[in-house]
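Residues per chain, in single letters:
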Amino acid sequence: MSEPSFLPEARAYRLRNARVPAAFLTGGVPAGAILDADGCALIDIVVADGAFAGLIPAGGSPEALPAADLAGRQVWPRLVDAHTHLDKGHTVARTPNPDGDFPGARDATTADRTRYWDAEDLRRRMDFGLACAFAHGTGAIRTHLDSQESGGEEGAPRDQAVTSWAVFREMRAAWAGRIALQAVGLTPIDAYATDYGRRLADLIADSDGLIGGVTRPTGGLHGGALAEIDALLDRLFGLARERGLDVDLHVDETGDPAATSLDAVARATLRHGYEGRVTCGHCCSLALQPEAQASATIARVAQAGIRVVTLPTVNMYLQDRRRGRTPRWRGVAPVQELMAAGVPVMVAGDNCRDAFYAYGDHDMLDTVRAAVRILHLDHPLAGAPALAGPVPGAMMGLPHAGTLREGGPADLILLPARSLNEVVARPHAGRIVVVAGRPITAPLPPYESLTGEAAPW
C-alpha cells in the first residue's frame, strides 16, 4: 500500500473492505455495516469526481466500478490540527532553548522573533511546515500568530503583526484546496486595553481571523486580580463582538494551581453571550486544583459552550521541567473529566521544532498516537480519533473536515493497520494520503530547504 498506483486511476472507483472508525462517520454508520470491537465499521467507499459518492456496507458497492481491496485496513479522513504555531516553527537550530523550560522558551522566542522574523523568513518556515503537514495527511490547521508590538534588531521599530498576518494571508491563498487555514492573533490580553489592541483587532478582522491571546494568572480569582482579568476580558470580548469575531485563548499554561483564568474566561463568555464561540487551549493547571474547585470550573466551561484544546506532547515536554529533576506530572488538562461533562475536547500539535518544543513534524497522526498514551484515551480506543477529526473540524466551522460523509471531498489517509491498536502502535510511514480522490505525490520537504541548501538526495 505504499505505492500510489495501488488506487485505480478511474474517475470513479471503490475502496472495498475499508475499516473506518465510527467516530469519523458523522452522517451515521451505514445501515447493515459490521462494527468491530474498536467501534470501526467495515464498509465500501465509492469515490467519484473527487467526492464520496457512497459509503455502504462492505460487499455492497457497484461491481462495475474498478476497485482496490483494502482487506480490512484502516481508512481515516485527513486530520485537523486545531492549535499550532506556524510562525514559530523550525527555529530551534538557530535559537535554542538552553534549559527546555517555559521561561527559556519565552526568552528564546522573543530573541528569535526580534532578530529574524521578516516576511521572507516567515514565508519559508511556514511553507515548510505546511508541506510537512500536507504530506502527513493534515487537511485543516488553525495557527496562532505572534501579534504583539515588537521592535526589530537593535531596537528598530517593526510591526510584527502586520508582517506575520500578511504572510499568513499569502500562505492561505497559496495552500487553498490543499489545507484549509485559519489564524488567531496571539498577544498578552493586556494589549486589548490599548490603542494597539484595537488596531490589532481590526487587522484580525480584515484577515478573517480570530481574536486570541494569553490570559494572565489570576492568583485564585481574589480581589484585584479578579477585577483586573474581568476588565481585560470584557475589553477583549467587546472588540470581538464589534467585529463579529470568535475567540481562541491560551489559558493557564502552568503547573500553578492558583492559575484559574479558565473560570474567568467561562464567566466572561456567559456574561457576553458568547456561548459556543470560545476555544481555550492548554488549561494545564485545572488538573492540579482541588477536586471540588476543578469540577465547578468544568461545569461552568460546559455551560459556556467553551471548546478545550489539549496539547499533550508540548505540555508534557514543558510542564514541571526543572534541571536535574524528573517531572512529577504529565502537564495536561483533565480531558476525561471535561469530556464527561460534555465539553468538546480536541488534541492538537502546538509547537514544532522551536523553543517551546524541540521536536515534531506537523504530523497529526503522530499527535493522536501520543495523546492516546499520555491522556489514557484507550480502554476503549473508539472515541480517540474524533479528537483530531470531526470535533476540531466542527470547531473550525468546516463540516467536512475530519469526517467521511457522502458528498464531502474524498480526502483520506489509508493506513497499513487493521485495528486501532495497530494504528497507535506504529508510526505508519507507509500511509497513503488522498486528496479529492487522488493520492498525493508530494514528499516531505528536506530540512535543507529551510536554509536554501540543496539536499544530497
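Residues numbered from 1 in each chain as written. Predicted model: local features only at pLDDT ≥ 70, side-chain atom pairs only at ≥ 80, totals over all residues. Heavy atoms only, no water.

Under the annotation held in an unreviewed UniProt entry, the chain carries the name Cytosine deaminase and is attributed to Methylorubrum rhodesianum.

*Asks:* Where do I start with the packing of helix H3 (residues 160-174) against helix H4 (residues 195-206) in this structure?
*Replies:* For any two helices packed against each other, one specifies the inter-axial angle together with the distance between the axes. Remark: H3 packs on H4, axes separated minimally by 11 Å, with the N-to-C direction vectors making an angle of 10 degrees. Our classification of the angle between H3 and H4 gives roughly parallel. Along the contact surface, H3 presents Ala161, Val162, Trp165 and Arg169, while H4 presents Tyr196, Leu200, Leu203 and Ile204. Broken down by class, the residue content of the contact of H3 with H4 amounts to seven nonpolar, no polar and one charged. (Axes fitted to C-alpha atoms, helices over the stretch in contact; angles between N-to-C directions. Helix = DSSP H or I, 4+ residues; strand = E, 2+ residues; numbered from the N terminus. Parallel < 35°, antiparallel > 145°, perpendicular 65-115°, else oblique. Contact = heavy atoms within 4.5 Å. Nonpolar A, V, L, I, M, F, W, Y, C, P; charged D, E, K, R; others polar.)

*Asks:* Can you help me understand the pattern of salt bridges in this one?
*Replies:* For side chains bearing opposite charge, pairing can occur when the charged atoms are close. By the definition in use, this model includes 29 salt bridges. Here Asp121 and Arg94 are joined by a salt bridge, their closest N and O atoms 2.7 Å apart. With Asp121 in helix H2 (residues 119-136) and Arg94 in the loop between strand E7 (79-84) and helix H1 (102-116), this pair connects stretches of sequence that are 27 residues apart. In this structure, Asp263 and Arg300 form a salt bridge, with 2.8 Å as the shortest nitrogen-oxygen distance. Linking Asp263 in helix H6 (residues 261-271) with Arg300 in helix H7 (residues 291-303), this pair joins segments that are 37 residues apart in sequence. Residue Arg300 is classed as partly exposed on the basis of its relative accessible area of 23%. Among the charged side chains, a salt-bridge network with shared partners connects Arg94, Asp112, Glu120, Asp121, Arg124 and Arg125. (Salt bridge = Lys/Arg side-chain N within 4 Å of Asp/Glu carboxyl O. Buried < 20%, exposed > 50% of the residue type's maximum accessible area, 1.4 Å probe, protein only.)

*Asks:* I'm lost on the packing of aromatic side chains in this one. Help?
*Replies:* The way to describe two aromatic rings as a pair is by their centre distance and the angle between their planes. Applying the stated criterion to the full structure yields nine aromatic pairs. Centre to centre, the rings of Tyr317 and Tyr359 are 6.0 Å apart; their planes meet at 90 degrees, and the pair counts as edge-to-face. Of this pair, Tyr317 sits in helix H8 (residues 312-318) while Tyr359 is found in the loop between strand E16 (345-347) and helix H10 (364-375), placing the two residues 42 residues apart along the sequence. Here the aromatic rings of Tyr357 and Tyr359 are separated by 5.8 Å at their centres, their planes lie at 85 degrees, and the arrangement is edge-to-face. By relative accessible area, Tyr357 is classed as buried at 14%. In this structure Tyr359 comes out as partly exposed when scored by relative accessible area, which is 49%. These aromatic residues form a ring-pair network of at least three members: Tyr317, Tyr357 and Tyr359. When the ring centre of Trp117 is taken as reference, the NZ or CZ atom of Arg113 above it lies at 5.9 Å. (Phe/Tyr/Trp six-rings, centres within 6.5 Å; stacked < 30°, edge-to-face > 60°. Lys NZ or Arg CZ within 6 Å of the ring centre and 35° of its normal.)

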